Amino acid sequence: GQQVMQIPQYQHVQEGEDFTTYCNSSTTLSNIQWYKQRPGGHPVFLIQLVKSGEVKKQKRLTFQFGEAKKNSSLHITATQTTDVGTYFCAGPGTNAGKSTFGDGTTLTVKP
Amino acid sequence: DAGVTQSPTHLIKTRGQQVTLRCSPKSGHDTVSWYQQALGQGPQFIFQYYEEEERQRGNFPDRFSGHQFPNYSSELNVNALLLGDSALYLCASNPAGTLNSPLHFGNGTRLTVT
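The model shown is predicted, which means the values in this text are computed figures rather than measured ones. (Residues numbered from 1 in each chain as written. Chains lettered and ligands numbered in written order. Predicted model: local features only at pLDDT ≥ 70, side-chain atom pairs only at ≥ 80, totals over all residues. Heavy atoms only, no water.)

Draft legend 1. Region of the structure containing the overall build of chain A. Counting its secondary structure elements, chain A contains 0 helices and 11 strands. Secondary structure of chain A in N-to-C order comes out as β-β-β-β-β-β-β-β-β-β-β. Taken over the C-alpha trace, chain A has a radius of gyration of 13 Å; the compact-globule value for 111 residues is 13 Å, and the two agree within 12%. Principal-axis analysis of the C-alpha atoms places the extent of chain A at approximately 40 × 30 × 20 Å. Counting over 111 residues, chain A shows a buried share of 44%. Of the roughly 5,300 Å² that chain A leaves accessible, carbon and sulfur atoms contribute 51%. Separation between the mean location of the 11 positive side-chain charges and that of the 7 negative ones in chain A comes to 7 Å. (Helix = DSSP H or I, 4+ residues; strand = E, 2+ residues; numbered from the N terminus. Rg over C-alpha atoms; globule rule 2.2 N^0.38 Å. Buried < 20%, exposed > 50% of the residue type's maximum accessible area, 1.4 Å probe, protein only. Areas by Shrake-Rupley, 256 points an atom, 1.4 Å probe, with all protein chains shown as cover. Lys, Arg positive; Asp, Glu negative; His and termini not counted. Charge placed at Lys NZ, Arg CZ, Asp CG, Glu CD.)

This is the structure we're talking about:
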């Protein structure tokens with residue numbers, strides 16, 4: 001079955017430093033979604049990428065979808081303490097709902 | 001506009017017991033999916049309900065069962081609890097007919113099996 005892997009598992013940064021997490025799928029994806037889960041919270045949808053090579057930005061966050069649609073990345077510029085949490089990528093199942101999630105990258109930010 | 005609501009928030013059960021978790025989807029959503037999230041891992045798909053039927057199922061044993069009601073709310077039942085069933089159980093909803101739409105998660109139920 002489809003497998004989605006994320007690296008690194010943990011990232012500790014000083015406030016103001018940049019952060020990047022990478023997501024790799026064992027199969028070609030029709031799209032990829034990114035979610036953020038704050039400590040003690042639930043996953044919250046951030047963005048969906050659909051097109052090969054697509055790049056989307058949300059303020060300090062930049063999301064990329066690989067040309068082969070098998071990998072993706074999330075880059076945060078100048079991290080803030082509000083960025084702490086676990087970032088998950090998710091590949092779609094045969095329909096919405098049955099998504100395959102990676103194990104996430106947990107970001108901690110030291111003020 | 002209410003989001004996805006789950007109850008209870010926390011639950012402690014003994015090995016061998018049975019548990020029922022409840023979920024009300026976001027207003028306007030008619031499809032409900034259940035996920036299990038173990039500590040330090042990503043959510044794992046259990047099953048999905050639409051039109052009161054189980055439409056898709058992940059790699060979970062038959063001890064895990066569910067139900068969807070006419071008002072789209074859903075229940076997750078787990079029988080013969082094992083210590084390994086301890087996890088955060090997340091309910092997610094999305095509108096039917098929208099391929100790959102974002103999932104809206106509830107706050108989850110933290111189940112501890114002792």
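Draft legend 2. Geometry of the interface of chain B and chain A. Across the boundary between the two partners, chain B contributes 24 residues, which contact 22 residues of chain A. Together chain B and chain A conceal approximately 1,800 Å² of surface at their shared face, both sides included; 49% is due to carbon and sulfur atoms. Taken together, chain B and chain A are joined by 0 salt bridges. The interface formed by chain B and chain A includes 6 residue pairs in polar contact (both at pLDDT 80 or more). Counting only elements with at least two residues in the side of chain B that touches chain A, the list comes to strand 4 (31-37), strand 5 (44-50), strand 6 (53-57) and strand 9 (87-94) of chain B. Among the residues making up the side of chain B that touches chain A, the classes are represented as 9 nonpolar, 14 polar and 1 charged. (Contact = heavy atoms within 4.5 Å. Buried area = accessible area lost by both parts, 1.4 Å probe. Salt bridge = Lys/Arg side-chain N within 4 Å of Asp/Glu carboxyl O. Polar contact = N/O pair within 3.5 Å; in protein donor to acceptor, adjacent residues only side chain to side chain. Nonpolar A, V, L, I, M, F, W, Y, C, P; charged D, E, K, R; others polar.)

Draft legend 3. A look at the state of the cysteines. Overall, the coordinates contain 2 disulfides over all chains when judged by the stated rule. Here Cys23(A) engages in a disulfide with Cys89(A); their sulfurs sit 2.0 Å apart. Its S-S torsion of approximately 80 degrees makes the covalent link between Cys23(A) and Cys89(A) right-handed. Highlighted residues: Cys23(A) in strand 3 (residues 19-25) and Cys89(A) in strand 9 (residues 85-91), separated in sequence by 66 residues. Cys89(A) shares its class with Cys23(A); the two are buried. There is a disulfide in this structure between Cys23(B) and Cys91(B), and the S-S distance comes to 1.8 Å. Negative torsions about the S-S bond denote left-handed disulfides, and the value of about -60 degrees found for Cys23(B) with Cys91(B) makes this one left-handed. Of this pair, Cys23(B) sits in strand 3 (residues 19-24) while Cys91(B) is found in strand 9, placing the two residues 68 residues apart along the sequence. (Disulfide = S-S within 2.5 Å.)

Draft legend 4. Structural view of the nonpolar core. Ranked by internal contacts, the top residues of the largest apolar core, which has 20 residues, are Trp34(B), Ile46(B), Phe64(B), Leu76(B) and Tyr89(B). Elements supplying a minimum of two residues to this core: strand 3, strand 4, strand 5, strand 8 (74-78), strand 9 and strand 11 (109-113) of chain B. When neighbours within four sequence positions are excluded, Leu76(B) is seen to be in contact with Val19(B), Thr20(B), Leu21(B), Trp34(B), Ile46(B), Phe47(B), Phe64(B), Ser65(B), Gly66(B) and Tyr89(B). Listed in part, the 19 residues of the second largest apolar core include Val13(A), Phe19(A), Ile47(A) and Tyr87(A). (Core = buried A, V, L, I, M, F, W, Y, C linked by side-chain atoms within 4.5 Å.)

Draft legend 5. Layout of the pairing of strand 6 (residues 55-58) of chain A. Residue and element names in this part refer to chain A. Relative to strand 7 (residues 61-65), strand 6 runs antiparallel, the two sharing 4 bridges. Of the residues in strand 7, the one forming a bridge with Val 55 is Gln 64. Hairpin remark: strand 6 followed by strand 7, antiparallel, with 2 residues in the connecting loop; positive phi at Lys 59, about 55 degrees. (Pairing = 2+ DSSP bridges.)

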